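For reference, the chains in residue letters:
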Amino acid sequence: MGVARREAHRAAAATFLYAVMVLGVLAGGAGVRAFEDGTAVYIVTMKQSPVFHRRLNLEKFGNSRVTKAAGGGGGGGGGGEAGDTPSTSVLRKPRHGSPKPMNYGSYLIRLQNLLLKRTLRGEHYIKLYSYRYLVNGFAVVITPQQADRLSRRKEVANVMLDYSVRTATTHTPEFLELPQGAWIQEGGPQFAGQGVVVGLIDTGIDPTHPSFADDLSTDNYPVPAHYSGICEVTNDFPSGSCNRKLVGARHFAASAITRGVFNASQDLASPSDSDGHGTHTASIAAGNHGIPVVVAGHQFGNASGMAPRAHIAVYKALYKSFGGFAADVVAAIDQAAEDNVDIISLSITPNRRPPGLATFFNPIDMALLSAVKAGIFVVQAAGNTGPSPKSMSSYSPWIFTVGASAHDRVYNNYVVLGNNLTIQGVGLASGTDGDCMYTLIAAPHALKNNTSSSPTELSLGECQDSSRLDADLIKGKILVCSYSIRFVLGLSSVKQALDTANNVSAAAVIFYLDPFVLGFQLNPTPMRMPGLIIPSSDDSKVFLTYYNDSLVRDETSGQIVSFGGVAKILGGLNPIYGNSAPKVMFYSARGPDPEDNSLSNADILKPNLIAPGSSIWGAWSSLGLDSAEFAGESFAMLSGTSMAAPHVAGLAALIKQKFPSFSPAAIASALSTTTTLSDRQGKPIMAQRTYSNPDSTQSPATAFDMGNGFVNATAALDPGIIFDCSYNDFFSFLCGINGSSPVVMNYTGNSCAASTMTGADLNLPSITIAVLNQTRTITRTVTNVAADESYTVSYSAPYGTVVSVTPTQFVIPSRQKQLVTFVVNAAMNSSTASFGNVGFYGDKGHQAIIPFSVITKVAYSS
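In this text, all values refer to a predicted model and were calculated from it rather than measured experimentally.

Thoughts on the pattern of salt bridges
Thinking step 1. The final tally for this structure, using the stated rule, is 13 salt bridges.
Thinking step 2. Two residues, D435 and K568, come together in a salt bridge whose shortest N-O distance is 2.2 Å. With D435 in the loop between β19 (422–425) and β20 (438–442) and K568 in strand β26 (residues 566–570), this residue pair connects regions lying 133 residues apart in the sequence.
Thinking step 3. A residue is classified by how much of its surface remains accessible, and D435, at 59% relative accessible area, is exposed.
Thinking step 4. Measuring nitrogen to oxygen at the nearest pair gives 2.9 Å for the salt bridge that ties E462 to R486. Of this pair, E462 sits in the loop between α14 (458–461) and α15 (471–474) while R486 is found in helix α16 (residues 485–488), placing the two residues 24 residues apart along the sequence.
Thinking step 5. Exposure remark for E462: the relative accessible area of 2% places this residue in the buried category.
Thinking step 6. Since its relative accessible area comes to 22%, R486 is described here as partly exposed.
Thinking step 7. When salt bridges that share partners are traced, they join R590, R689 and D705 into one network.

Below you can see the structure in the form of structure tokens.
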């Protein structure tokens, strides 16, 4: 605790300087005026190497070269040359002991300021950030004309307009078999992930939540020595908020503030989470083990993160009101890397595909490439834009992309109608008492003085106003409410409807789905009284037909005389466990990976795998507003690829703990080659294909739905062989993109040599060929990270291809490598993707399965 408190006081100065900068931005209305004057936020990168690249040169060439470089001179440091990245070999030494030439970072900032002063002498501009660790550059508010002048300076590599980004458990540890598997290997949940720092770039964190406390045990639990981050101190994030569990917290909002979209009362200029999303994702990755989940007064078990003993560092760059902006996210990435986190988790995706030569060339992905070069494993949500093909929002091969699956626990409740029809609902609520049937009454039919509501008074039908309802008429009955698009938009809420039902003494409440709410999945919603939501529009029509047909009306006036419909509710507090999980959720983004805005297919498999993302319990911020139904609760149940990504970040922490020398690619390989390809019944994993009635349209998942398959944490801790890939490989891949040389130079500071490497040539734990033009030779190199073992290679060729593999058998000693060659021939012309796989089976029980995908096939003409 002492270390965390000292860091908190150190942060005060940094926070003050940031506040001064923000006040400078806002002074005189600059935050608004900037965009009235036609100015915008631009991200500028410079040619001179950032701090981390210089650190690699220090390790390679010694202090003299770095000292000389810091005194003047430019240029990047050989990032494209073989052997310049010792931090990316599989069995590399840990990077934590490297020195930090901070004086060089200060030198870079001086150069940035000098460039702006000389180029824009006497003109108005606002510098928002200095990037110095992974990226040498800055974010600045300028006009397009000023941006053009900066871009023509010899010191400048790249100028890009800022863009927006958005945000994309009690049971999943059991579903992933962690208690009897991976956690046992780490010594139990009390040790799982210890010493590993997971950096989360999200909406912040609630430091008061018990999921992030450090006093749950009395044993030694030190802050990892390699972590050097700080804890900001603000009015709503006071001193002492950080501890040995939550080791660092900062926020980044300069771009948002400058745009005038930052709402200080709601978004909070601090690491504090007023949204809820960041608290939720942090607890999934590394929340404490055994935290009771109590929601709406109901007990739902005990929660745990995937790596409950790992440490959490929070970098807030997203906000409730508007999402976020790339300039702030890049600043967060740069700081997380400088602080020496081990893993970066991003449950965020861009709002559009990046413009330009290829999707890979954008500030966020390129900053993450430098993070990978620094030895940091990077995991990102695939995006919630499925189920359409090419809907992927995480593009680059150095990023580990995670799609969302269901797990085997569901909460269902039911309404039984008086005609014996049973309709399924969603609602974390108890049932009605006993076996009694209760009269149904819709809110518009229960107005005071028998008045009628105006068609524009939607809140009445949605049970948002109890003052207009006749409590004597409703008392002891089931109140029927409409669930409209207003609930989705946050204009109406289930909580308000429940307050209404309670105020008029209703016995229960039932929501039927308005027919205009299409393609929106309703999560189980907590209710403090018996109730449910009918999530299907078809079932809602059946319910309303029964209700309306049961009304007794006066033949002359048409007035309702009595309410004949009756029902009872069977509660949904007890979970149901099925065998059809996992399955790919309809919203999970799909491949093939789009290489560019013309939707050309990349030779890269995305997503990398799937993990639980549907109906996930996680910690909730006491200030959280993102899900109105969980306002004021300490836990929430959410769905999305945002929930899937931190599952994998936590599991990666377990691998990092066991194999501290593993490169990011080695961790990615261990996760990818050990996945599960079948559900709990032993059948193929299914993928939902439509928004509407998704379970009725599902079919077997392909590699473009689920990547390598469903994550298997225990197997990943003993992968046998891995496929490693270095920064140099990714650099050569980027250089192999036609016309990319100047763009690669701008982003990396290094010149491209001649390269014909494609994504298919990267040593990834998958093979994807976008266009198979007659014949193609693909190689993969496996490294043995276990004992000596003999392997047999078998394969299933994608339809329409003929494949040969050499060798089909090999013996590989520990720590040695083996080259495997695949010759792939197109046997037919086809533009339909086809799928196969390759299996490496060891005689000591290890196996590594990789998917083999071919999209377009062009055979020899006759």
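Some points on the state of the cysteines
Thinking step 1. Evaluated as defined, the whole model comprises three disulfides.
Thinking step 2. In this model, C231 is linked to C242 through a disulfide, with the two sulfur atoms separated by 2.1 Å. Taking the sign of the S-S torsion, about 80 degrees here, the bridge from C231 to C242 comes out right-handed. Here the residue C231 occupies a position in the loop between β6 (197–202) and β7 (246–251), and C242 occupies one in the loop between β6 and β7, the gap between them amounting to eleven residues.
Thinking step 3. Exposure remark for C231: the relative accessible area of 1% places this residue in the buried category.

What to know about the UniProt feature "active site" (unreviewed entry) in the protein chain
Thinking step 1. When the UniProt feature table is mapped to this numbering, "active site" (unreviewed entry) covers D202, H277 and S642. In three dimensions, the annotated residues from a span of 441 residues occupy one location, with a maximal C-alpha spread of 9.9 Å.
Thinking step 2. If we ignore the near neighbours within four places in the chain, the residues touching D202 are T167, H277, G278, T281, Y315, K316, A317, L318 and S347.
Thinking step 3. Of the polar contacts made by the side chain of D202, one reaches the side chain of T281; its length is 3.0 Å.
Thinking step 4. Checked against the element boundaries, S642 lands in helix α19 (residues 641–658).

Examining the sheet that holds strand β5 (residues 164–167)
Thinking step 1. Taken in spatial order, the four strands line up as β11-β12-β5-β14 in an open sheet, and their pairing is antiparallel. Both outer strands of the open sheet, β11 (318–319) and β14 (348–350), are each paired with one neighbouring strand and no more.
Thinking step 2. With two bridges joining them, β5 and strand β12 (residues 323–325) adopt antiparallel strand pairing. When the sheet's bridge partners are listed, S164 is paired in β12 with F325.
Thinking step 3. In the packing of helix α12 (residues 326–338) onto the sheet, contacts are made with β5, β12 and β14, and the angle to β12 comes to roughly 80 degrees.

Let's talk about the packing of helix α11 (residues 277–286) against α19
Thinking step 1. Interhelical geometry of α11 versus α19 gives an angle of 35 degrees and a closest axis separation of 7 Å. In terms of crossing hand, the pair formed by α11 and α19 is right-handed. Each of H277, H280, T281, I284 and A285 in α11 lies in contact with α19, whose residues at this interface are S642, M643, P646, H647 and G650.
Thinking step 2. Here the contact of α11 with α19 is built from residues that sort into four nonpolar, six polar and no charged.

Brief notes about the pairing of strand β18 (residues 413–417)
Thinking step 1. Judged by how many residues are buried, β18 sits mostly within the fold: four of five residues are covered.
Thinking step 2. The sheet contact formed by β18 and β19 spans four bridges and is antiparallel. Bridge pairing in β19 links N413 to G425.
Thinking step 3. Following β18, the chain reverses through four residues before pairing antiparallel with β19; N420 in that reversal takes a positive phi of roughly 75 degrees.

Some details on a nonpolar patch on the surface
Thinking step 1. A contiguous nonpolar patch, built from I485, L489 and L491 and spanning about 310 Å² of accessible area, is present on the exposed surface.
Thinking step 2. With respect to the helices, strands and loops of the structure, I485 is situated in helix α16.
Thinking step 3. The class for I485 is partly exposed, based on a relative accessible area of 39%.

Remarks on the sheet that holds strand β40 (residues 817–826)
Thinking step 1. Read across the sheet, four strands follow the order β34-β36-β40-β38 without closing on themselves; strand pairing throughout is antiparallel. Each edge of the open sheet carries a strand with a single partner, namely β34 (721–723) and β38 (801–806). In this sheet, neighbouring strand axes are inclined to one another by 30 degrees on average, regardless of whether the strands run parallel or antiparallel.
Thinking step 2. Bridge analysis of β34 against strand β36 (residues 775–784) gives three bridges, and the strand direction is antiparallel. Across the sheet, residue I721 finds its bridge partner in β36, namely N784.

Remarks on helix α18 (residues 537–550)
Thinking step 1. The terminal C-alpha atoms of α18, which comprises 14 residues, lie 20 Å apart, in line with the 20 Å expected from a rise of 1.5 Å per residue.
Thinking step 2. The set of residues buried in α18 consists of S537, S540, F543, Y546, Y547 and S550.
Thinking step 3. Where α18 begins, one side-chain oxygen reaches toward the backbone nitrogen of D538, 3.2 Å away; that side chain belongs to S536.

So, how was this worked out
- Residues numbered from 1 in each chain as written.
- Predicted model: local features only at pLDDT ≥ 70, side-chain atom pairs only at ≥ 80, totals over all residues.
- Heavy atoms only, no water.
- Salt bridge = Lys/Arg side-chain N within 4 Å of Asp/Glu carboxyl O.
- Helix = DSSP H or I, 4+ residues; strand = E, 2+ residues; numbered from the N terminus.
- Buried < 20%, exposed > 50% of the residue type's maximum accessible area, 1.4 Å probe, protein only.
- Disulfide = S-S within 2.5 Å.
- UniProt positions renumbered as here; feature names shortened; annotations may be inferred.
- Contact = heavy atoms within 4.5 Å.
- Polar contact = N/O pair within 3.5 Å; in protein donor to acceptor, adjacent residues only side chain to side chain.
- Pairing = 2+ DSSP bridges.
- Axes fitted to C-alpha atoms, helices over the stretch in contact; angles between N-to-C directions.
- Left-handed = near helix turned anticlockwise from the far one by under 90°.
- Nonpolar A, V, L, I, M, F, W, Y, C, P; charged D, E, K, R; others polar.
- Patch = residues over 30% accessible without salt bridge, like charges linked within 9 Å, V, L, I, M, F, W, Y side chains within 5 Å.
- Areas by Shrake-Rupley, 256 points an atom, 1.4 Å probe, with all protein chains shown as cover.
- Expected span 1.5 Å × (residues − 1).

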